Amino acid sequence: MLNEHTPLITSGVCGLTATATKCGATSDPPQDPDSAPPSPDPRKLNTFFGVMVPTILSMFSIVLFLRTGFVVGHAGLLQGLLMVLVAYTIISLTILSICAISTNGAIQGGGAYYMISRSLGPEFGGSIGLMFFLAKVFACGEYVLGLVEAILDMFGADPESSVSQGVRVLPQGYWYTVLYASVILLLCLFVCLVGAHIYSRTAFVILLVVTVSLLSIFISSVAVKPRDFNITHPGPANQTLRYNASYTGFSAQTLRSNLGSGYSLDYSTNTVMSFSTVFAVMFTSCTGIMAGANMSGELKTPSISIPKGTIVAVFYTFTVYVLLFILVSATCDRTLLIQDYGFFQRISLWSPLVTIGIYCASLSAAMCAMIGASRILHALALDGLFGLPLAPATITSSSGNPWMAVLYTWGLGQCVVFAGHLNAVAAVVTVFYLLAYAALDLACLALEWASAPNFRPTFQLFSWHTCLLGILSCLVMMFVINPVYSSASIVLLLLLLLLLHYRSPTSSWGYISQALIFHQVRKYLLMLDVRKDHVKFWRPQVLLMVSNPRSSCQLILFVNQLKKGGLLVLGHVQLGDLDTLPSDPVQQQYNFWLSLVDKLGVKAFVDLTLSPTVRQGTQHLLRITGLGGMKPNTLILGFYDSSTPDDFFLQDSAFCQSSVGKGGEDYNFGVDLPSLQAHFPPVRHVESPRWLSPEEYVGIISDAIKMNKNVCLGRYFFQLQGEGKGSKEDGSERIIDVWPLNLLQPGCRDYQDVCSLFLLQMACVLNMSSRWRYARMRIFLNVETASCDQGWVINEETFRELLRKLRIRASIKIVAWDSVVQHHSLPEGERAAEPSPALSEEFLSAVNRMLMEHSSQATVRFLSLPQPPAHQSQAQRYLAQLEAVTSGLGPTLLTHGVTPVTYTDL
């Protein structure tokens with residue numbers, strides 16, 4: 001996958017080159033003496049040294065030697081084995097997800113963070129990555145505290161210590177514990193600064209020592225004879241608590257007595273244990289499954305090594321733990337198991353061998369956690385998700401070792417050791433790890449559900465069922481262990497998500513959210529059956545034709561408020577013929593239009609087409625825009641007149657201020673502000689040729705009506721203010737005026753025809769939008785008071801009843817327009833026909849004066865748009881009539897409805 005080599009990861013640790021990742025690379029000098037010396041290749045580890053060894057040592061850690069008796073003593077053999085089974089079931093489900101993701105493409109440095117971020121995107125990846133880094137830091141502190149505990153058991157200067165052998169020279173106490181832990185952390189820091197490769201090679205020797213220590217324990221269980229011990233612990237008020245314990249050897253009686261649970265007081269923390277607290281300690285033995293994945297930057301073939309090495313290591317450690325639990329249950333009484341963490345030294349043929357094993361296992365686990373945490377932090381810093389605070393962590397040595405990230409990890413680990421006791425931080429470690437495991441399962445689940453064609457991992461032993469079960473089991477066990485820590489960790493995760501969402505990082509990794517949205521949208525579009533549409537759920541689905549956004553931005557912003565949760569598509573026709581062009585020019589324009597949508601803050605799609613004429617292009621867009629039930633039902637055009645438009649780009653601050661500091665070119669997906677302004681041509685001058693003729697413009701209106709689309713014409717919307725995304729306008733000072741009658745057809749008095757109801761509906765929809773919610777709506781009824789009959793009174797009452805049924809809150813204004821109608825003369829029998837092309841200038845001026853008189857204070861006006869003429873020869877006269885009526889009015893929307901849009905029943 002070529003796009004996996006993201007430019008965001010370019011260091012020697014995390015970056016790859018085409019020539020540096022071949023499995024057969026050797027340490028020979030360069031072949032070409034004239035070429036520049038290549039940077040050292042950090043990818044030198046194979047499956048055994050890079051994955052199996054660190055994973056086994058991390059999973060053994062301090063639990064194997066120092067907490068096996070603690071778990072079995074408090075929980076009993078049955079519950080102890082249940083804990084092992086539950087823990088390994090959880091991590092096994094997570095391992096399936098790890099194997100799937102790690103075999104789906106090239107893995108860079110950062111391990112779990114890299115997998116999550118490249119699968120779920122920067123926001124989830126960054127937040128989960130930082131949480132996983134903290135989990136590693138806490139684990140490092142925990143392992144160090146366990147090592148200090150083992151050292152003090154042997155060398156602590158307490159005359160009544162639980163172990164009778166050893167040179168007791170080390171003073172004990174809280175601050176001494178912190179001091180010893182700090183010294184050990186410094187040792188780990190030194191090793192990690194030297195480099196992970198030295199640790200990886202010495203780790204094999206450590207694994208041999210730990211394995212020999214384990215074998216000595218199994219041999220001792222047969223060779224050592226039963227014996228009794230006297231164990232002492234400091235009690236309250238300077239008292240000394242004494243316990244009699246015994247090692248019985250293999251005994252059925254001992255096994256039976258250790259089958260059930262026996263939760264009691266923990267002598268290190270003075271708290272009573274329970275299933276959740278013991279499981280929290282025991283689960284720390286399972287937090288090492290990512291040790292190999294975190295070394296992904298140092299592995300030769302991570303996609304092969306991570307699955308194979310992790311699975312073998314987990315199977316091996318599971319077997320050892322089960323055998324060890326059964327062994328201690330059958331040979332040691334409960335008192336010995338509970339009251340002495342280091343009892344293995346008591347029952348060993350040669351106790352120094354076990355002591356060395358404890359020290360090696362704890363020290364190696366601490367160093368492995370520090371190395372893993374530093375690699376995660378280094379990858380986070382390279383991606384720049386958290387900005388300046390992590391910027392120093394990008395610094396590496398000449399060999400690619402991220403020494404600044406190691407220093408960060410050491411500093412935070414130093415804070416953890418102030419807890420003083422291993423058991424005190426075990427719950428935090430477990431909760432953080434479980435959350436990270438749940439995130440990995442979520443990443444794999446999202447990839448599986450998205451059904452992306454490029455998600456085809458070579459590891460096939462997983463499904464969405466295992467991912468979902470892994471997520472649920474991790475979350476359940478988190479709250480079983482500690483609800484407070486679990487809730488706090490989730491809150492911290494959400495805060496990090498909000499932080500990264502606010503920073504809006506843009507990456508080339510791909511967003512799983514987009515794949516999931518596509519998958520769901522496709523499914524729901526198929527379910528959105530146009531045959532099941534009902535008029536009571538009608539909403540505007542608008543195709544807004546835009547010639548030049550420089551002069552149309554205010555209209556775009558207004559229509560964005562007018563759509564009321566419906567579809568808004570910005571359409572544009574590029575004039576040209578594909579036969580005469582080397583490539584399609586339209587495809588290169590989409591990013592500019594999408595950047596315009598981002599700048600304006602509107603919720604709109606963009607659809608562009610190439611056509612010899614604007615009319616043909618508009619027909620294409622009306623037919624093919626949208627999918628299924630998501631297709632435009634309304635066409636909106638700007639008004640056709642000869643006025644010089646304003647340049648909105650020169651007025652709005654979003655198009656004038658520099659966008660430097662917002663991520664540069666990548667922030668705007670390759671379209672910066674100067675490029676955006678340069679792409680759209682200057683506004684048309686009076687002398688500029690028109691793209692559209694009047695006949696073509698009127699023809700577009702006629703075509704839309706023939707295609708059963710509602711039509712709206714917007715005029716003077718460049719005068720409308722307060723529609724931008726940063727506006728505080730709430731509409732309280734705004735007025736919406738509605739003139740439902742066709743003013744160019746005085747003989748028509750039907751307020752309930754399709755055109756009038758569509759006009760009322762559009763005005764009501766605008767009044768429901770956020771910036772027009774508190775606007776006042778006024779509806780004007782034109783009446784002829786000089787008429788002999790009083791039918792207009794009946795029409796007014798009928799109209800008020802209609803508004804009540806339609807739940808439209810508006811004030812009704814009666815306008816007598818006898819003085820206007822007297823200028824309109826029609827032959828007898830033509831009052832119901834379409835507007836006469838011979839409307840007098842006096843009548844048109846009178847209508848305009850009436851509108852100016854009653855609607856001069858309105859913010860926007862809704863007028864009825866007459867039916868366009870059937871013959872092209874009348875197009876100019878038709879437009880001249882519309883221009884004369886609306887001249888000087890201010891923002892006006894002329895509407896013509898062809899489909900029912902209102903419904904009065906439930």
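Residues numbered from 1 in each chain as written. Predicted model: local features only at pLDDT ≥ 70, side-chain atom pairs only at ≥ 80, totals over all residues. Heavy atoms only, no water.

1. Regarding the overall build of the chain
Okay, so step 1: The secondary structure content of the chain amounts to 29 helices and 14 strands.
Okay, so step 2: Looking at the chain residue by residue over its 906 residues, the buried ones come to 54%.
Okay, so step 3: Counting contacts in the chain only where the partners sit at least 6 residues apart, residues at least 24 apart contribute 82% of the total.
Okay, so step 4: Counting only carbon and sulfur atoms, one obtains 61% of the accessible surface of the chain, whose full area is about 39200 Å². (Helix = DSSP H or I, 4+ residues; strand = E, 2+ residues; numbered from the N terminus. Buried < 20%, exposed > 50% of the residue type's maximum accessible area, 1.4 Å probe, protein only. Contact = heavy atoms within 4.5 Å. Areas by Shrake-Rupley, 256 points an atom, 1.4 Å probe, with all protein chains shown as cover.)

2. Side note on the packing of helix α5 (residues 122-155) against helix α15 (residues 422-450)
Each packed pair of helices is defined by two parameters, the angle between the axes and the distance between the axes.
Okay, so step 1: The geometry of α5 relative to α15 is characterised by a closest axis approach of 8 Å and an angle of 150° between their N-to-C directions. Taken together, the axes of α5 and α15 lie roughly antiparallel to each other. Crossing geometry of α5 relative to α15 is assigned as left-handed.
Okay, so step 2: Per-class residue counts for the contact of α5 with α15 are 20 nonpolar, one polar and three charged. (Axes fitted to C-alpha atoms, helices over the stretch in contact; angles between N-to-C directions. Parallel < 35°, antiparallel > 145°, perpendicular 65-115°, else oblique. Left-handed = near helix turned anticlockwise from the far one by under 90°. Nonpolar A, V, L, I, M, F, W, Y, C, P; charged D, E, K, R; others polar.)

3. Brief notes about the sheet that holds strand β12 (residues 811-816)
Okay, so step 1: In spatial order, the strands read β7-β6-β5-β8-β9-β14-β13-β10-β11-β12; together these ten strands make up an open sheet with mixed pairing. Edge positions in the open sheet fall to β7 (605-611) and β12, since each of these has one partner strand only. Across the sheet, the axes of successive neighbouring strands diverge by a mean angle of 25°, strand direction being ignored.
Okay, so step 2: In this structure, strand β5 (residues 542-545) lies alongside strand β6 (residues 568-575), joined through four bridges in parallel fashion. (Pairing = 2+ DSSP bridges.)

4. Some thoughts on the pattern of salt bridges
Okay, so step 1: Inspection of the entire model under this criterion finds eight salt bridges.
Okay, so step 2: Put simply, Asp647 and Arg550 hold a salt bridge, and the shortest N to O gap is 3.0 Å. A residue pair is termed long-range when its members are at least 10 positions apart, and Asp647 in the loop between β8 (634-638) and α22 (664-667) and Arg550 in helix α19 (residues 549-562) qualify at 97 residues.
Okay, so step 3: You can call Asp647 buried: its relative accessible area is 13%.
Okay, so step 4: The partner of Arg715 in a salt bridge is Glu883, and the shortest N-O contact between them spans 3.8 Å. Of the two residues, Arg715 is situated in strand β9 (residues 710-715) and Glu883 in helix α29 (residues 875-886); the sequence distance between them amounts to 168 residues.
Okay, so step 5: The exposure class assigned to Arg715 is buried, which follows from its relative accessible area of 6%.
Okay, so step 6: Given a relative accessible area of 30%, Glu883 falls into the partly exposed group.
Okay, so step 7: A cluster of three or more residues bridged by salt bridges with shared partners is formed by Asp641, Arg715 and Glu883. (Salt bridge = Lys/Arg side-chain N within 4 Å of Asp/Glu carboxyl O.)

5. Quick notes on the state of the cysteines
Okay, so step 1: Enumeration according to the criterion identifies zero disulfides in this entry.
Okay, so step 2: The thiol of Cys140 is not disulfide-bonded; the next cysteine sulfur, from Cys188, is found 5.7 Å away.
Okay, so step 3: The structure places no disulfide on Cys444, whose sulfur is separated from the nearest cysteine sulfur, that of Cys467, by 3.6 Å. (Disulfide = S-S within 2.5 Å.)

6. Quick word on the confidence of the model for the chain
The predicted coordinates ought not to be read in detail in places where the model reports low pLDDT.
Okay, so step 1: Averaged over every residue, the pLDDT of the chain is 81; residues scoring 70 or more account for 85%.
Okay, so step 2: For the chain, the element scoring lowest by mean pLDDT is α22, at 41; β5 scores highest, at 96.
Okay, so step 3: Below pLDDT 50 for its whole length, residues 161-166 participates in 13 contacts with residues either more than four positions away or in separate chains.
Okay, so step 4: Across residues 658-667, confidence stays below pLDDT 50; counting only partners more than four residues off in sequence or on other chains, it has ten contacts. (pLDDT = per-residue confidence, 0-100.)

7. Examining the nonpolar core
Okay, so step 1: In terms of nonpolar packing, the biggest core is built from 157 residues, with Leu64, Phe65, Ile91, Val210, Ile289 and Phe344 touching the most fellow members.
Okay, so step 2: Of the residues forming this core, the biggest block, 22 residues, is contributed by α15.
Okay, so step 3: Residues within four places of Phe65 in sequence aside, it is in contact with Val210, Ser213, Leu214, Ile217, Tyr341, Phe344, Val354, Gly357, Ile358 and Ala361.
Okay, so step 4: Core analysis: the second largest hydrophobic core is formed by 59 residues, Phe758, Leu760, Met777 and Leu803 among them. (Core = buried A, V, L, I, M, F, W, Y, C linked by side-chain atoms within 4.5 Å.)

8. Some words on unusual backbone geometry
Okay, so step 1: Despite not being glycine, Tyr716 has its phi angle at roughly 65°, a positive value.
Okay, so step 2: Along the chain, Tyr716 turns up in the loop between β9 and β10 (735-739).
Okay, so step 3: When its relative accessible area of 16% is taken as the criterion, Tyr716 is described as buried.
Okay, so step 4: Even without glycine at this site, Arg807 takes up a positive phi of about 55°.
Okay, so step 5: Structurally, Arg807 can be placed in the loop between α26 (791-805) and β12.

9. Digging into a nonpolar patch on the surface
Okay, so step 1: Among the surface-exposed residues, Leu215, Ile219, Leu349 and Trp350 lie close enough to one another that they form a single nonpolar patch of about 460 Å² accessible area.
Okay, so step 2: With respect to the element layout, Leu349 can be found in the loop between α12 (343-346) and α13 (351-383).
Okay, so step 3: Relative accessible area serves as the criterion here: at 54%, Leu349 is assigned to the exposed category. (Patch = residues over 30% accessible without salt bridge, like charges linked within 9 Å, V, L, I, M, F, W, Y side chains within 5 Å.)

10. Considerations on α29
Okay, so step 1: Taking 1.5 Å as the rise per residue, α29 with twelve residues should run 16 Å; its terminal C-alpha atoms sit 17 Å apart, in good agreement.
Okay, so step 2: Among all positions of α29, only Ala875, Tyr878, Leu879, Gln881, Leu882, Val885 and Thr886 are buried. Taken down its axis, α29 places every buried residue within 155° of arc, on the same side.
Okay, so step 3: Buried residues belonging to α29 abut α24 (694-706), β9, α28 (841-855), β13 (860-864) and β14 (892-896). (Expected span 1.5 Å × (residues − 1). Arc of directions from axis to C-beta.)

11. What about the packing of aromatic side chains?
Okay, so step 1: Taken as a whole, this structure holds 27 aromatic pairs when the rule is applied.
Okay, so step 2: Judged by centre distance (6.2 Å) and plane angle (5°), the rings of Phe275 and Phe279 are stacked. Of this pair, Phe275 and Phe279 are both found in helix α9 (residues 275-283), four residues apart, which corresponds to roughly one turn of the helix.
Okay, so step 3: Its relative accessible area of 1% is what places Phe279 among the buried residues.
Okay, so step 4: Between Tyr321 and Phe325 the ring centres are 6.5 Å apart and the planes differ by 80°, which places this aromatic pair in the edge-to-face class. (Phe/Tyr/Trp six-rings, centres within 6.5 Å; stacked < 30°, edge-to-face > 60°.)

12. Focus: the pairing of β6
Okay, so step 1: With six of eight residues buried, β6 is to be regarded as a mostly interior element.
Okay, so step 2: A crossover links β5 with its parallel partner β6, the connecting element being α19, and its sense is right-handed.
Okay, so step 3: Handedness of the crossover joining β6 and β7 through helix α20 (residues 590-600): right-handed. (Right-handed = clockwise from strand over helix to strand, strands pointing away.)

13. Focus on the side chain of Lys709
Okay, so step 1: By secondary structure assignment, the location of Lys709 is in the loop between α24 and β9.
Okay, so step 2: Accessibility expressed as a relative area gives 12% for Lys709, which makes it buried.
Okay, so step 3: Within the local environment of Lys709, its side chain forms a polar contact with the backbone oxygen of Pro632, the two atoms lying 2.8 Å apart.
Okay, so step 4: Each residue touching Lys709, except ones within four places of it in the same chain, is listed here: Leu622, Pro632, Asn633, Ala704 and Val898. (Polar contact = N/O pair within 3.5 Å; in protein donor to acceptor, adjacent residues only side chain to side chain.)

14. So, the environment of Ala810
Okay, so step 1: Topologically, Ala810 is positioned in the loop between α26 and β12.
Okay, so step 2: For the pair Ala810 and Arg776, spaced 34 residues apart in sequence, the C-alpha to C-alpha distance is 7.1 Å.
Okay, so step 3: Each residue touching Ala810, except ones within four places of it in the same chain, is listed here: Met777 and Ile779.

15. Side note on the environment of Phe325
Okay, so step 1: Note on placement: Phe325 falls in helix α10 (residues 302-331).
Okay, so step 2: Residues contacting Phe325, with those up to four places away along its chain left out, are Thr68, Val71, Val72, Leu77, Gly80, Leu81 and Val84.

16. Description of the pairing of β9
Okay, so step 1: The element β9 is largely enclosed, with a buried count of six among its six residues.
Okay, so step 2: Alternating positions in β9 separate into two faces, Asn710, Cys712 and Gly714 on one and Val711, Leu713 and Arg715 on the other, with burial throughout.
Okay, so step 3: Bridge count between β8 and β9: five bridges; the pairing is parallel. Considered in β9, the bridge of Thr634 is made with Asn710.
Okay, so step 4: As defined by bridge partners, β9 adjoins β14 across five bridges and the pair is classed as antiparallel. Considered in β14, the bridge of Cys712 is made with Thr895.

17. Description of helix α1 (residues 47-60)
Okay, so step 1: Counted at 1.5 Å a residue, the expected span for α1 with its 14 residues is 20 Å, and the 19 Å between its end C-alpha atoms agrees.
Okay, so step 2: The N-capping residue of α1, defined by a side-chain oxygen 3.3 Å from the backbone nitrogen of Phe48, is Asn46.
Okay, so step 3: At the C-terminal side of α1, Ser61 shows a positive phi close to 35°.

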